[in-house]
Amino acid sequence: MLRLVSLKLGRLYRYVKLAVLGSLAAALVLNTHSLLASLQRNELSERRFLQLNKCPACWGTSWCRKFLNGQLRLESWGRLRLLDFFNVKNVYFARYGEPREGSRRVVLKRLGSTQELADIDTKICRRATGRGRCDLLQALPATEFASLNGDVRLLTPGAVEGWSDLVHCPSQRLLDRLVRRYAETKDSGSFLLRNLKDSERMQLLITLAFNPEPLVLQSFPSDEGWPFAKYLGACGRMVAVNYVGEELWSYFNAPWEKRVDLAWQLMEIAEQLTNNDFEFALYLLDVSFDNFAVGPRDGKVIIVDAENVLVADKRLIRQNKPENWDVWYESKFDDCDKEACLSFSKEILCARVTVDHNYYAICQNLLSRHATWRGTSGGLLHDPPAEIAKEGRLEALLDECANPKKRYGRFQAAKELREYLAQLSNNVR
């Protein structure tokens, strides 16, 4: 009986799949003329496609001249709007530059799904008018995003605390850094909020509230050695970042030596974000194979999705000394039945100086046997060579890093794992 049911379900799945493919093929045939037209025109130079009319309820305008002058063009398949159904995250690949001068690949992000972007409009309207629909430009002056306009000198923690992961527990030092490095203004470099135009302040605050990824990339830039994609600019509700390379997932079955090197880099990223000279701890709250990419030439691992990053100011924690501030915090292993699970308390991340969260996130969700993604298990370091498997040290360190059996075991395991992976990949520390 069970076998009969499974066979029927299998046939049903095939029929549904064929029906979907057939419908798509029919749509392509029926819309051939419009498809050809969409392939010829450059939507990236159209204000409506960029949602420039939403500004200042947008991400910025620093790259609008490049967009509107036609210096960016979507890559071939990205021009087909029929495929937007599959592009849930609204991420596009484009070429930037002039054909005769050479061009390079960039990544364009709307920073949310179509529904999420619509929800932003609804939230702004409700905050301003109490209704779900309104004229955004007229509503914005009645929101908290406009309340900091005028002669307000500084962006303070009390004004934005809890708006997003980035400012779940902000310090004045962090907010000054965000304002000083804000790239969507011509007069960047000042931490004084009043030096920004009213529209620029609202753009900054809306980005901070709804998707702070651009601000993470600007405040902790790749040019200074931070492991994030490089922020290029924005126009309306479209931001441009440099194209890094294929996502980490495409290396899941790469040669062992390559996977060891990638694993070592991931642990180095965890260390850099946790302990650095700036005394900012950047905790990754969303860790999966899709959030990292690998450079094709230098093989460097880079974080390409930085929306869910919590920044804790260790200097402020030492100064305020909240309860148990100097007690080492160990994240609890989360053996859930979903992909990319993480267990954490934002309040504790904000209140402790020594935290193992980043080691835990990388080990559990990417490297160890507990990592599951797209129907696979075993993590990036699956199927090690026979001699390494027989030795058992790698498996023991990964297990202790993901699910420690000793008190503070993850801290020690992470340190030894970094050293062991460096040894295996012949990296010089």
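Refer to the preceding data block for the structure.
Residues numbered from 1 in each chain as written. Predicted model: local features only at pLDDT ≥ 70, side-chain atom pairs only at ≥ 80, totals over all residues. Heavy atoms only, no water.

K.L.:
Quick question: what am I supposed to make of the pairing of strand β4 (residues 231–235) here?
P.N.:
Where a strand is regular, its side chains alternate between the two sheet faces. Among the five residues in β4, five count as buried, and that is most of the element. Bridge analysis of β4 against strand β5 (residues 238–242) gives four bridges, and the strand direction is antiparallel. Within β5, the position partnered with A234 by the bridge is V239. In sequence, β4 turns back onto β5 through a hairpin of two residues, with G236 there showing a positive phi of about 65 degrees. (Buried < 20%, exposed > 50% of the residue type's maximum accessible area, 1.4 Å probe, protein only. Helix = DSSP H or I, 4+ residues; strand = E, 2+ residues; numbered from the N terminus. Pairing = 2+ DSSP bridges.)

K.L.:
It is not clear to me how the sheet that holds strand β6 (residues 246–247) should be interpreted in this structure. Could you clarify?
P.N.:
Pairing between sheet strands relies on hydrogen bonds along the backbone, with the strands arranged either parallel or antiparallel. Here we have three strands laid out as an open sheet, ordered β6-β8-β9, and antiparallel in their pairing. In the strand order of this sheet, the two ends are held by β6 and β9 (301–303), each with one partner. Pairing between β6 and strand β8 (residues 292–294): two bridges, direction antiparallel. Bridge assignment links E246 to a residue of β8, and that residue is V294. On the sheet, helix α12 (residues 256–274) packs against β8 and β9 and is oriented at approximately 45 degrees with respect to β9. (Contact = heavy atoms within 4.5 Å. Axes fitted to C-alpha atoms, helices over the stretch in contact; angles between N-to-C directions.)

K.L.:
Hey, could you run me through the environment of L136 in this one?
P.N.:
Mapping L136 onto the fold places it in helix α6 (residues 136–139). Separated by 14 residues in sequence, L136 and T122 have C-alpha atoms that sit 9.3 Å apart.

K.L.:
Any chance you could explain helix α15 (residues 357–367) here in plain terms?
P.N.:
Structural remark: α-helix, 3.6 residues per turn; residues separated by three or four positions point the same way. With eleven of eleven residues buried, α15 lies mostly within the body of the structure. The complete set of buried residues in α15 reads H357, N358, Y359, Y360, A361, I362, C363, Q364, N365, L366 and L367. Along its buried surface, α15 packs onto α12, β7 (280–284), β8, α14 (346–349), α17 (393–402) and α18 (409–425).

K.L.:
Help me understand the state of the cysteines, please; the structure alone is not making it clear to me.
P.N.:
Two cysteines joined by a covalent bond between their sulfur atoms form a disulfide. Tallied over the entire structure, the rule returns five disulfides. Two residues, C55 and C58, share a disulfide whose sulfurs are 2.1 Å apart. Note on the C55 and C58 pair: the S-S dihedral is about 110 degrees, so by sign convention the disulfide is right-handed. The exposure class of C58 is buried, given its relative accessible area of 0%. (Disulfide = S-S within 2.5 Å.)

K.L.:
Just checking my understanding: could you explain the sheet that holds strand β2 (residues 91–98) for this structure?
P.N.:
The five strands lie next to each other as β1-β2-β3-β5-β4, forming an open sheet whose pairing is antiparallel. The open sheet has two edge strands, β1 (72–74) and β4, and neither has a second partner. Averaged over all pairs of adjacent strands, the angle between their axes in this sheet comes to 35 degrees, without regard to strand direction.

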